[in-house]
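# Secondary and tertiary structure notes
As a plain string of letters, each chain reads:
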There are 4 protein chains.
Amino acid sequence: MGANTFGSRFTLTSFGESHGTALGVVIDGCPAGVSFDEMILTKELERRRPGHHGSGQIVSGRQEADQAEILSGIFEGKTLGTPIAMIVRNQDARSQDYTQIKQQSRAGHADDMWKQKFGHSDHRGGGRSSGRETVSRVMAGAVAQMMLKQVCAPMKVIGYASQIGPLTLTAEEKAQVINKDIDSFQARFPSKNDQAVADLLKKAQEEGDSHGGVAEILITNPPAFLGQPVFHKLKSDLAQAFLSVGATNGFELGLGFESSSIKGTDFHGTREQSQYGGIRGGISTGENILLRVSFKPTSSILDVAKKGRHDPCIVTRAIPVLEAMTYLVLADHYLWSRTDRI
Amino acid sequence: MGANTFGSRFTLTSFGESHGTALGVVIDGCPAGVSFDEMILTKELERRRPGHHGSGQIVSGRQEADQAEILSGIFEGKTLGTPIAMIVRNQDARSQDYTQIKQQSRAGHADDMWKQKFGHSDHRGGGRSSGRETVSRVMAGAVAQMMLKQVCAPMKVIGYASQIGPLTLTAEEKAQVINKDIDSFQARFPSKNDQAVADLLKKAQEEGDSHGGVAEILITNPPAFLGQPVFHKLKSDLAQAFLSVGATNGFELGLGFESSSIKGTDFHGTREQSQYGGIRGGISTGENILLRVSFKPTSSILDVAKKGRHDPCIVTRAIPVLEAMTYLVLADHYLWSRTDRI
Amino acid sequence: MGANTFGSRFTLTSFGESHGTALGVVIDGCPAGVSFDEMILTKELERRRPGHHGSGQIVSGRQEADQAEILSGIFEGKTLGTPIAMIVRNQDARSQDYTQIKQQSRAGHADDMWKQKFGHSDHRGGGRSSGRETVSRVMAGAVAQMMLKQVCAPMKVIGYASQIGPLTLTAEEKAQVINKDIDSFQARFPSKNDQAVADLLKKAQEEGDSHGGVAEILITNPPAFLGQPVFHKLKSDLAQAFLSVGATNGFELGLGFESSSIKGTDFHGTREQSQYGGIRGGISTGENILLRVSFKPTSSILDVAKKGRHDPCIVTRAIPVLEAMTYLVLADHYLWSRTDRI
Amino acid sequence: MGANTFGSRFTLTSFGESHGTALGVVIDGCPAGVSFDEMILTKELERRRPGHHGSGQIVSGRQEADQAEILSGIFEGKTLGTPIAMIVRNQDARSQDYTQIKQQSRAGHADDMWKQKFGHSDHRGGGRSSGRETVSRVMAGAVAQMMLKQVCAPMKVIGYASQIGPLTLTAEEKAQVINKDIDSFQARFPSKNDQAVADLLKKAQEEGDSHGGVAEILITNPPAFLGQPVFHKLKSDLAQAFLSVGATNGFELGLGFESSSIKGTDFHGTREQSQYGGIRGGISTGENILLRVSFKPTSSILDVAKKGRHDPCIVTRAIPVLEAMTYLVLADHYLWSRTDRI
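Numbers given for residues are sequential positions, taken from 1 along each chain in its written order. Lettering for chains starts from A, numbering for ligands starts from 1, and both go in the order in which the items are written. Two thresholds apply to this predicted model, a pLDDT of at least 70 for residue-level local features and 80 or more for giving and counting side-chain atom pairs, whereas whole-chain, interface and lining totals are computed over all residues. Heavy atoms from the whole structure form the basis of all side-chain values; hydrogens and water molecules are not counted.

Put simply, the rule is: UniProt positions are given in the numbering used here, feature names are shortened, and annotations may be inferred rather than shown by experiment.
Per an unreviewed UniProt entry, chain A carries the name Chorismate synthase and comes from Bdellovibrio reynosensis. Check the Sequence similarities (unreviewed entry) section of the UniProt entry for chain A; it says "Belongs to the chorismate synthase family." Regarding chain A, the relevant UniProt record gives this comment under Pathway (unreviewed entry): "Metabolic intermediate biosynthesis; chorismate biosynthesis; chorismate from D-erythrose 4-phosphate and phosphoenolpyruvate: step 7/7."

### A look at the interface of chain D and chain A
Stated formally: When checking whether two residues touch, look at their non-hydrogen atoms; a contact exists if any pair is within 4.5 Å. Buried area, as used here, totals the accessible surface that two parts lose on assembly, with accessibility defined by a 1.4 Å probe and the loss added over both. Basic side-chain nitrogens of Lys or Arg form a salt bridge, by our definition, when they fall within 4 Å of a carboxyl oxygen of Asp or Glu. Polar contacts here mean pairs of N or O atoms no more than 3.5 Å apart (in protein, one a potential hydrogen donor and the other a potential acceptor; neighbouring residues in sequence count only if both atoms are side-chain atoms). Only Asp, Glu, Lys and Arg are considered charged, only Ala, Val, Leu, Ile, Met, Phe, Trp, Tyr, Cys and Pro nonpolar, and every remaining residue, Gly among them, polar.
Taken together, the contact between chain D and chain A spans 42 residues of the former and 42 residues of the latter. Buried area between chain D and chain A, both sides added, is near 3200 Å², and the carbon and sulfur share of it is 59%. Remark: the boundary between chain D and chain A carries 2 salt bridges. Run the count over chain D and chain A and you get 14 residue pairs in polar contact (both at pLDDT 80 or more). In terms of residue class, the side of chain D that touches chain A is made up of 15 nonpolar, 17 polar and 10 charged.

### What to know about unusual backbone geometry
Most of the time, phi is negative for any residue but glycine, and the peptide bond is trans. Condition: Secondary structure elements are defined from DSSP: runs of H or I of at least 4 residues count as helices, runs of E of at least 2 residues count as strands, and each element is numbered from the N terminus. Classification of residues uses two cut-offs on accessible area relative to the type maximum, computed with a 1.4 Å probe and protein chains only: under 20% is buried, over 50% is exposed, and between them is partly exposed.
Residue P229 of chain A is joined to V230 of chain A through a cis peptide bond whose omega torsion reads -5°. Position of V230 of chain A among the secondary structure elements: in the loop between strand 10 (213-220) and helix 6 (234-243). Even without being a glycine, E76 of chain A presents a positive backbone phi close to 50°. Along the chain, E76 of chain A falls in the loop between strand 5 (74-75) and strand 6 (78-79). Take E76 of chain A: its relative accessible area is 51%, and that puts it in the exposed class. Notably, F225 of chain D is not glycine yet its phi reads approximately 70°, a positive angle. Judged by relative accessible area, F225 of chain D falls into the partly exposed class, the value being 24%.

### Overview of the packing of aromatic side chains
Residues and elements named next belong to chain C. For the record, the criterion: Ring pairs shown here join Phe, Tyr and Trp side chains whose ring centres sit within 6.5 Å, with only the six-membered ring taken for Trp; geometry is labelled stacked below 30 degrees between planes, edge-to-face above 60, and tilted in between. Think of it as a cone above the ring: NZ of Lys or CZ of Arg counts as a charge over the ring if it is within 6 Å of the ring centre and within 35 degrees of the ring normal.
Tallied over the full model, the rule gives 18 aromatic pairs over all chains. On the basis of an interplanar angle of 70° and a centroid distance of 6.4 Å, the ring pair of W114 and F118 is categorised as edge-to-face. Separated by 4 residues within a single helix, W114 and F118 lie in helix 2 (residues 111-118), roughly one turn from each other. Residue W114 shares its accessibility class with F118, and that shared class is buried. Above the ring of F118, the side-chain terminus of K117 is found at 5.6 Å from the ring centroid.

### Considerations on the sheet that holds strand 3 (residues 22-28) of chain A
Residue and element names in this part refer to chain A. Which entries qualify depends on this criterion: At least two bridges found by DSSP between two strands is the condition for calling them paired.
What the 5 strands build is an open sheet, ordered 1-2-3-7-4; its pairing is antiparallel. Of all the strands in the sheet, just strand 1 (5-6) and strand 4 (68-72) have a single pairing partner and so form its edges. Here 4 bridges tie strand 4 to strand 7 (residues 84-89), and the two strands are oriented antiparallel to one another. Note that in strand 7 the partner of S72 across the bridge is A85.

### Describing the environment of G33 of chain A
Tracing the chain through its elements places G33 of chain A in the loop between strand 3 and helix 1 (38-48). The exposure class assigned to G33 of chain A is buried, which follows from its relative accessible area of 19%. It is 45 Å that separates the C-alpha atoms of G33 of chain A and Q116 of chain A, two residues lying 83 residues apart in sequence. If we ignore the near neighbours within four places in the chain, the residues touching G33 of chain A are K78, T79 and Q150 of chain A together with I342 of chain C.

### Quick word on the environment of Q195 of chain C
All names here are of chain C. Among the structural elements, Q195 can be located in helix 5 (residues 194-206). It is 8.8 Å that separates the C-alpha atoms of Q195 and F185, two residues lying 10 residues apart in sequence. Among the polar contacts made by the side chain of Q195, one reaches the side chain of Q186 at a distance of 2.9 Å.

### Remarks on the side chain of S18 of chain B
Residue and element names in this part refer to chain B. Assignment of secondary structure puts S18 in the loop between strand 2 (11-15) and strand 3 (22-28). Relative accessible area serves as the criterion here: at 1%, S18 is assigned to the buried category. There is a polar contact of 3.3 Å between the side chain of S18 and the backbone oxygen of R124.

### Topic: helix 5 (residues 194-206) of chain B
Residue and element names in this part refer to chain B. Threshold: Any helix carries an expected span of 1.5 Å times its number of residues minus one. When we speak of the arc, we mean the arc of directions from the helix axis to the C-beta atoms.
Helix length check: helix 5, at 13 residues, gives a terminal C-alpha distance of 19 Å against a target of 18 Å (1.5 Å per residue), a fit within 8%. D194, V197, A198, L201, A204 and Q205 are the residues of helix 5 that are buried. For helix 5, the arc enclosing every buried residue in end-on projection is 130°, short of the 170-degree limit, so these residues lie on one face. Buried positions along helix 5 lie against strand 8 (156-164) and strand 9 (167-168). A positive phi of about 65° marks G208, the residue just after helix 5.

### Observations concerning the side chain of T220 of chain A
Along the chain, the position of T220 of chain A falls in strand 10. Those residues in contact with T220 of chain A, other than ones at most four positions away along the chain, are P154, M155, K156, I158, I178 and N288 of chain A.

### Concerning the relation of the copies chain D and chain C
Threshold: Least squares is the method for superposing the copies, and the C-alpha atoms it fits come from residues with pLDDT of at least 70 in both.
Note on the copies: chain D fits chain C at an RMSD of 0.0 Å, the axial shift is 0.0 Å, and the rotation between them is 180°. The operation mapping one copy onto its partner corresponds to a two-fold rotation axis. Counting the interface residues of chain D, we find that 100% of their copies in chain C are interface residues as well, pointing to one common contact surface.

Spelled out as structure tokens, the structure:
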């Protein structure tokens, strides 16, 4: 299997350098007959784009157009069962910004590692270690979302920031997430502290600083019995999926690390089941699934080439990407579950 | 790919029910010419066994003999490049303990989920959702360890408990881990609080209670440049590997969730690099790698069949399993890296 | 993927050296709820065994007992959806016969190649290049057969020799194959020339000579629409499966090479469709599938270690193996087809 | 694994419908540092194109421009170790020719099967069952060729027609193949009967008829020890590769079916080794490899939409495709062999 392919039944192969000709993805294994809703694709790409909503001023200034072109796999509004290829061409490349990088390393960036590993790398804007690679994932995730909509209509995947730097959602704010329009908050942080977060990030950007944070993915009404023992438990594949996103360094299911200091009789002995996060024995129970992902502070602050253009916090932008990865894992396991029983 | 296969180049396929005939594993992709050191295999199986060291009294009373039988792939003390199959027969099955389970579900256990998913399950002792399945992983991990010893001799994989219930290692104790004989501590918790932990666990066992905890895996002197962009970053594959172990619900690399509240200038602006956990851009830097895994409190406290036999805390026993998974991921990526450059 | 794994949904991993401890196989991906019919397993192993039917005197004298032991995956007579592991221990190893081989190469045998490739090999009896490896395939094929019986009951897979050395079935004999008890013929050559073939092979064995031949696999009443475009056409996967069997050097679907000299108007312009061999565009049509496999003459005639024990013709013995590979490909594609449409 | 992905280490994923927006391919696993020679890519696409050489008048009239656009993976003339994506846009689609097909089935075409299997299909020009899909393979094969040139410089892959309808190469002509400029022959049939073949095909086209044939692939100076036991023998993977090409229905290695009537002492007892076809025990010996593929007569003669545009014989056009598949299998196994030994 290639390093750029993800999934076992619903698979995607991602390609493209951030300052190359195009980013793209090929989906293989999507069944025939899925209604292709281009609105979903457009919306998700728009949501991934920096500065797409109120948060324009607090994220990286790069303004990619990100117009998807569908190359194959769709005919008369439905999937054909053949590979679905989609690309987005790179326009605002500004690769001149990056010419000086060839000489000096971008400290804290993955570029160094890739360069030394492969002996040859595209120094312009991080090549494939750039966050721009996630365009491919968002396109694929949109198709997975279309498929799941058709077979698991009530399911919703809701991503939001639960922490940005020092600011965290309160318990009541978390409980209300399901009723909020997350994208209406400048940093996808659904809180009365919305403006405080915006101010925090603006200040960081001005000062050449950055913040880490935590994103949460809540899956409501998921299908039960997704996940395959033993190496492809639903939690394992989700952990892999999320940890494949740049700048991530932590993953939790349900209570996660917090559960390590709770006594078993307290943990298990309640009527409530949310401590399990909706997955038992690696398999979805049908209850809501709750996942958390931590991000380190953006490293591009160290980057001479990005003066004033860096993202002061990656979490807001990463949310549509994490949602995409969630849809992809669920789509893969949904198809996989079709062969559980004879 | 099958659900019970792990890895891309150095692959293992695990099989066996906890109360079936045998547990086993087939390794495919191990190169020819690896010296097979049966001592390592025996030692690791022994380390995985409940009650193997001082901790006898604080872990599950089941006393499996766990004698590995090598069925193929080894000849005259060296690997042949052919599949290496190994099995351990089940002896102390006590499946009579479990006959009542057929009628009543084991609340909190994965058994329910598996039963409903597949429509047919081996109710005896959890079948494949049992911790006993990890015997297969430990056998495979031992072979991965042998291979890595031959090519990355200075590398060490050190697992230990950093938290058990309310008790955590101090900063100084953590810093000393590398100089300690972890297995000499009753709960693999290398601390002056060794006895306090033992008392805590004994009390929990007597009271039918349990504790969660955190295990850490420290890899010293790892090879640099392991990990493949973009979906098989070293951190992604490690996260998948660890979250495939039962009762896990969290993963961290380096500072993990803690980094979410540290400013970028503080996080990145030091001489020290340990905050990154030894992996940058998804690729090992050659620095020490630090990984953390959280475990929920054992659910077997709820289990009528396990009166007085349950593990009051799974962390101690899980450590050899996490080490095995670490070796497996590293072995896979070591072989993979051989084709990075022409 | 490992080299010893076959299939995408219904996968098997084969292991074992011919003179090692055991041969075995792990099946992963077989759905739960398949009735496990041990009679089929026993019968197929028996059919693979040299000298199992009247042909005792004309095939290799090695008398393996070939008792399968089921290690996992079956409970109360049904598959669990977990990996099914089965082994056969080696008994009549006679490895002393092979000790001299360590010094002198077995000309014409694959041993040389494997030895040089891997730098280390099990010289005893060919190790994994031995025909004995096919025990694993036959065990897995038996399980595939059980699964298909449950979902495609009318289907039959009928293998027979259509040519042995200079002797070939007549057109009428071929047309009658479906009504014959193939195993009642000494060399699975369903012809009035049964005795002539037996005499031919006996003579070859006495003279230290051997013959090649052709096996045909006829699949009656196969499910339609099996096969996946473009690299996993049913014909491609069957070709791979058959050419993975030792001593094979040719494959045909339907008319095969003969069609190369027939004009298109003649080839396509008939009511009859058998020229296509039951597969169009790589997908099964539901019509009978006809496949042919050629075998070179046994090379073990050159083998000092096998004085008087060599098979004078491999075709007869290979038939249960080819049938097993056929079942495996069909089972894999049957499961795969479950995700063709949403 | 997806149905449109081929290979294990050097993998390609093919996409595109014949009358969709574009055909394309993503190569994953090509090492960094391979010199990208665009001339090879252009030349191979040109060689695949109908009517590219003298044979213009005897193959399908469709004149695709087939300009490859490289989307990723190449930087400053070398591969990056990242996925290499390439597309060719469809121009001369003439899909109006095909509108009537929606109503009436194209007898003898794979379209019917695909339509019924998936419940939805692109009826225009065969969609993905069209020969046009092979553009993707030829692009990927060109990159495999570049890589192999760098590491196995002396190797050559030479494809040619050895039979077209009733006309076959003589033994002397075959022996001279290595010294001929195959593309200078109108139908890639390197014979004094070049003109007779051209006349035969012209006549068939005029009469709405077609011919089958046989292509041979000769690999001179291949690396030794390529191929993996037991399911990925070099011959197995080549058989799968070739049988994945449309209209193929037979495969032979070395003497193939002819060997079935040769006595073992004659077959094995010569100084000459060419009867083995350069592969023993599934592994390349370093000797020349000879492979043969049979093709049924073109079915498009039955196709109302292709009046006067059908290929009277597919063999000539298929040769660059078979060569591409050969390079791909060799590249995959070359990389695989890097992990044979520790």
